[in-house]
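Single-letter residue listing:
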Amino acid sequence: MTMFLQSAFYVAAVIAIISTAMAITRTVAVHALLYLVVSLLAIGVVFYAMGAPLLAALEVIIYAGAIVVLFLFVVMMLNLGGEARQSERQWLSGKSWVGPIILSAILLAEVIYLIVRAQPAGGIGAMVGPREVGLALYGPYLIGVELASMLLLGAVVGASHLGRSAPGRTGAGT
Amino acid sequence: MTSPYPFASIFGILIVALSLSAALIWVERRLLALWQDRYGPNRAGPFGLLQVLADMIKIFAKEDWIPPFADKAVFVIAPAIIMVTVLLSFAVLPIAPGIIVADLNIGLLFFLGMSSLGVYSIVLAGWSSGNKYSLLGGLRAAAQMMSYEVFMGMSLMGVVLLAGSFNLTTIVEAQSKLWFVIPQFLGFILFLIAGVAEARRLPFDLPEAEAELVAGFHSEYSGMKFGMFFVGEYLGITLISAMIAVLFFGGWMGPWLPPIVWFFIKVFAFLCFFILLRASLPRLRFDQLMSLGWKVMFPLALANLVVTGAIVTVFK
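Every value quoted in this text rests on a predicted model; they were computed, and no experiment measured them.

Asks: Where do I start with the overall build of chain B in this structure?
Replies: The helix and strand tally for chain B stands at 12 helices and 0 strands. In sequence order, chain B lays out its α and β elements as α-α-α-α-α-α-α-α-α-α-α-α. In terms of overall size, chain B behaves like a compact globule, its C-alpha atoms giving a radius of gyration of 20 Å where 316 residues would be expected to give roughly 20 Å. Evaluated residue by residue, chain B yields a buried proportion of 56% over its 316 residues. Considering only residue pairs separated by 6 or more positions, chain B has 77% of its internal contacts joining residues 24 or more positions apart. Counting every atom, chain B has about 13600 Å² of accessible surface; 73% of that belongs to carbon and sulfur.

Structure representation (structure tokens):
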């Protein structure tokens, strides 16, 4: 079983890396978002293989199923055509690659160094179910949860302020 | 814990789910005709039973056309997504003791995840068709399904609190004394409405409102690609009916008859209810749909969750 989970982990990790690279380099926004969904699903499988089924489910429901749908919604509303594809192609070519590549190469070197140096952690096997996640969130991490909820409340209030119709201007869409 | 006969379960459930949803097309047309005082399909075979077969032959013989202005890859993938996500959801459905493909600990969340991925099928079909009516249908589908998914998940959390698990088999077994429809009546109503909206059925079939959007997201589809959306819709209804039976009406539980018979009786009753809804209700306007979702259903689901949580905390 562990062998199976391990191979599932490596396959999903490779898929995640490839699809993320594809998401960055696509010129059609919707295609990029599709690759992003594949990448998020692969991350879900990685979580599951690491023994975090709740996290895997939430990754699929919230990120792949809700947040990227919103991205897609906006992209469809803008209905980008051939012009956007052209400018996208311009941004992706030539010198604009140099800066990000240098910076991420440094990060990559750091990550590889840490992986090589670090002691192997407990790794795959220990299952963390919904109960444990809930107890941790509402126990030691309670303040973090409350702060996040306040931040989200602020976002909701802001969105409803921006979205309200001006007084006297009523009509469809209110 | 998985089924003792995994492959038998997988193929059994696949074949039953697919043939049930194909037969549902005939059932729906006959029932609609009955309720609307007409005959419905009654020529092909006894009681028109072979109508589905005739439709299938016709749909296979049609030209499978991809419009030149469409985004080809996405256009082809879109109808496959709905079939895959709905059929995968059937994997976690406990039909009778031992008849289940994957008895996941997070079965309920798996179902919610798959139903939220199903949105992509409609949205991408609408976008990739390269047609303004399809695009509008896709946009509506995205907004509608996003809004109704939120309280769909929340309406189920009351059931999870009572059963103490996300595992669907445990949820069914927790109902041996009392079906959850009684303590979670509000949750049941909310889930029912969200389920109708998720399956994009009347009165929530805005993405394909034929009076204003031609046929919405599947205007450009023909042949078996259209057939996938068609069967996918009926599979979706079957899935929602089965989930209602499992979560609120005790799944396979019932006296005298064998468990699997009870399960199918319950599912069939909800299927008929879905069809009755279509026969009797007019379509909502889109702004009504959105404000119903966010201003009525969402607060109700939240209140239901808070009250259930308080009661469970006090009494356990």
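Asks: In this structure, what is going on with the interface of chain A and chain B? I would like to understand it.
Replies: A common way to report how large an interface is uses the accessible area buried once the components associate. With 25 residues of chain A at the interface, the matching set in chain B holds 23 residues. On inspection of chain A and its partner chain B, the count reaches 0 salt bridges. The tally of links from chain A across to chain B stands at 2 residue pairs in polar contact (both at pLDDT 80 or more). By residue number, the principal contributor to the side of chain A that touches chain B is helix H3 (residues 53-78) of chain A, which donates 15 residues. Classifying every residue of the side of chain A that touches chain B gives 21 nonpolar, 3 polar and 1 charged.

Asks: Looking at this structure, how should I read the environment of Glu132(A)?
Replies: The topology assignment puts Glu132(A) in helix H6 (residues 130-137). Residue Glu132(A) is classed as partly exposed on the basis of its relative accessible area of 44%.

Asks: Please clarify how the environment of Leu18(B) should be interpreted in this entry.
Replies: All names here are of chain B. Along the chain, the position of leucine 18 falls in helix H1 (residues 6-35). Here leucine 18 falls in the partly exposed class, since its relative accessible area comes to 32%. Here the alpha-carbon distance between leucine 18 and tyrosine 234, two residues 216 residues apart in the chain, equals 9.1 Å. Every residue in contact with leucine 18, bar those within four places of it in the chain, is listed here: Met83, Val231 and Leu235.

Asks: Quick question: what am I supposed to make of the packing of helix H5 (residues 119-128) of chain B against helix H6 (residues 132-163) of chain B here?
Replies: Residues and elements named next belong to chain B. At a closest axis distance of 7 Å, the pairing of H5 and H6 adopts a crossing angle of 160°. When the interaxial angle is binned, H5 and H6 end up roughly antiparallel. H5 and H6 meet at a crossing whose hand is left-handed. Across the interface between the two elements, Val119, Ile122, Val123, Gly126 and Trp127 from H5 touch Ser134, Leu135, Gly138, Ala141, Ala142, Met145 and Glu149 from H6. Looking at side-chain class alone, the contact of H5 with H6 contains 8 nonpolar, 3 polar and 1 charged residues.

Asks: Sorry, what's going on with the pattern of salt bridges here?
Replies: Side chains that differ in charge, positive against negative, can pair when their charged atoms come close. Residues and elements named next belong to chain B. Under the criterion given, the structure shown has 3 salt bridges over all chains. When the shortest N-O distance is used, the salt bridge between arginine 278 and glutamate 28 registers 3.2 Å. With arginine 278 in helix H11 (residues 259-280) and glutamate 28 in helix H1, the pair connects residues that are 250 residues apart, well separated along the chain. Across the pair arginine 29 and aspartate 55 runs a salt bridge, and its minimum N-O distance is 3.3 Å. Here the residue arginine 29 occupies a position in helix H1, and aspartate 55 occupies one in helix H2 (residues 51-61), the gap between them amounting to 26 residues.

Asks: Hey, could you run me through the side chain of Ser39(A) in this one?
Replies: Residues and elements named next belong to chain A. Locating serine 39 in the fold gives a position in helix H2 (residues 29-49). For serine 39, a relative accessible area of 8% puts it in the buried group. Once residues lying within four places of it in the same chain are set aside, the contact partners of serine 39 are Ala16, Ser19 and Thr20.

Asks: Which parts of the structure should I look at to understand the packing of aromatic side chains?
Replies: Each aromatic ring pair is characterised by the separation of its centres together with the angle its planes make. All names here are of chain B. Per the counting criterion, the structure on display carries 15 aromatic pairs over all chains. Seen from their ring centres, phenylalanine 230 and tyrosine 234 are 5.4 Å apart, and the 75° between their planes marks the pair as edge-to-face. Taken together, the residues phenylalanine 230 and tyrosine 234, both in helix H10 (residues 223-248) and 4 residues apart, mark about one turn of the helix. Since its relative accessible area comes to 30%, phenylalanine 230 is described here as partly exposed. On the basis of relative accessibility, which here comes to 5%, the residue tyrosine 234 falls in the buried class. Through a chain of ring-to-ring contacts, three or more aromatic side chains come together here, namely Trp179, Phe185, Phe188, Phe191, Phe248, Phe249 and Phe270.

Reading guide: rules and limits
Residues numbered from 1 in each chain as written. Chains lettered and ligands numbered in written order. Predicted model: local features only at pLDDT ≥ 70, side-chain atom pairs only at ≥ 80, totals over all residues. Heavy atoms only, no water. Helix = DSSP H or I, 4+ residues; strand = E, 2+ residues; numbered from the N terminus. Rg over C-alpha atoms; globule rule 2.2 N^0.38 Å. Buried < 20%, exposed > 50% of the residue type's maximum accessible area, 1.4 Å probe, protein only. Contact = heavy atoms within 4.5 Å. Areas by Shrake-Rupley, 256 points an atom, 1.4 Å probe, with all protein chains shown as cover. Salt bridge = Lys/Arg side-chain N within 4 Å of Asp/Glu carboxyl O. Polar contact = N/O pair within 3.5 Å; in protein donor to acceptor, adjacent residues only side chain to side chain. Nonpolar A, V, L, I, M, F, W, Y, C, P; charged D, E, K, R; others polar. Axes fitted to C-alpha atoms, helices over the stretch in contact; angles between N-to-C directions. Parallel < 35°, antiparallel > 145°, perpendicular 65-115°, else oblique. Left-handed = near helix turned anticlockwise from the far one by under 90°. Phe/Tyr/Trp six-rings, centres within 6.5 Å; stacked < 30°, edge-to-face > 60°.

Any functional reading would require information beyond the geometric quantities listed.
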